[in-house]
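For reference, the chains in residue letters:
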Amino acid sequence: MNKLVEALNKVAQVLEKEQISYMLVGGFAVGFYNHVRFTLDIDLIIQIHVHHIDKIIPHFPEWEGQLQGLKDSATQLKFFNIIDFSTGVKLDFMLYQDSDYNWTAFERRRKVDFLGVDCYIAAIEDLIIGKLLWYAASKSEKQLGDIQYLLTVPKVNFDYLTLWCDRLLINRYGLF
């Protein structure tokens, strides 16, 4: 866990220094809501264009020789990942895709103290929506378990969840 916290601290500092808007998502982010499960990566959504990857890579010098490959990956797949060699943690960067929902989700993110690191995290409802989308694609029991746990956290806004699941045609699998 210490390596994940170290990597989160590093990436949060890098993104804030470079003025790149971001939010923590994925399995590690679920840990903020006291549901810790084994994960070896940190997932982030970042608001940049492919050519802005140049701002991130100098902070991870071992990847400078791979800059064009990372840009190609981001162009084709809308994401790229790197391993922070100092911690061994994989950082998955998903590039922000403009839509009404994604704009709303970014507006709802909040800055928190997560394990001693000041960082931006997706709102719980947006984590649930993201997990529903990943579950639809993967049928992963990890995703389903995360969703089931998050739905038990007090103050989940079910009106918001229902609204966006209906608008985005997301299957709720009878969970709510």
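Thresholds applied
Residues numbered from 1 in each chain as written. Predicted model: local features only at pLDDT ≥ 70, side-chain atom pairs only at ≥ 80, totals over all residues. Heavy atoms only, no water. Helix = DSSP H or I, 4+ residues; strand = E, 2+ residues; numbered from the N terminus. Contact = heavy atoms within 4.5 Å. Axes fitted to C-alpha atoms, helices over the stretch in contact; angles between N-to-C directions. Parallel < 35°, antiparallel > 145°, perpendicular 65-115°, else oblique. Nonpolar A, V, L, I, M, F, W, Y, C, P; charged D, E, K, R; others polar. Phe/Tyr/Trp six-rings, centres within 6.5 Å; stacked < 30°, edge-to-face > 60°. Buried < 20%, exposed > 50% of the residue type's maximum accessible area, 1.4 Å probe, protein only.

A.B. asks: How would you explain the environment of Ala105 if you had to name every residue and give the values?
C.D. replies: Relative to the elements of secondary structure, Ala105 occurs in helix 5 (residues 100-108). Sequence spacing of Ala105 and Ala122 is 17 residues, and the spatial spacing of their C-alpha atoms is 7.1 Å. Ignoring any residue separated from it by four or fewer positions in sequence, one finds Ala105 in contact with Met23, Asp126 and Tyr160.

A.B. asks: Any chance you could break down the packing of helix 5 against helix 6 (residues 124-138) for me, citing the residues and the numbers?
C.D. replies: Where helix 5 meets helix 6, the closest approach of the two axes is 9 Å, and the angle between their N-to-C directions is 140°. Our classification of the angle between helix 5 and helix 6 gives oblique. On the side of helix 5, the interface is formed by Tyr101, Ala105 and Arg108, while helix 6 contributes Glu125, Asp126 and Ile129. Looking at side-chain class alone, the contact of helix 5 with helix 6 contains three nonpolar, no polar and three charged residues.

A.B. asks: Give a description of unusual backbone geometry that names residues and reports values.
C.D. replies: Unusually for a residue other than glycine, Lys139 sits at a positive phi of about 55°. By secondary structure assignment, the location of Lys139 is in the loop between helix 6 and helix 7 (141-150).

A.B. asks: Describe the packing of aromatic side chains, and please don't skip the residues or the numbers.
C.D. replies: Applying the stated criterion to the full structure yields ten aromatic pairs. Centre to centre, the rings of Tyr135 and Tyr173 are 4.9 Å apart; their planes meet at 85°, and the pair counts as edge-to-face. Here Tyr135 is found in helix 6, whereas its partner Tyr173 is found in the segment after helix 8 (158-167), with 38 residues between them in sequence. On the accessibility criterion, Tyr173 (28% relative accessible area) is partly exposed. Between Phe158 and Phe176, the aromatic rings sit 6.0 Å apart at their centres with planes inclined by 55°, giving tilted as the arrangement. Of this pair, Phe158 sits in helix 8 while Phe176 sits in the segment after helix 8, and the two are 18 residues apart along the sequence.

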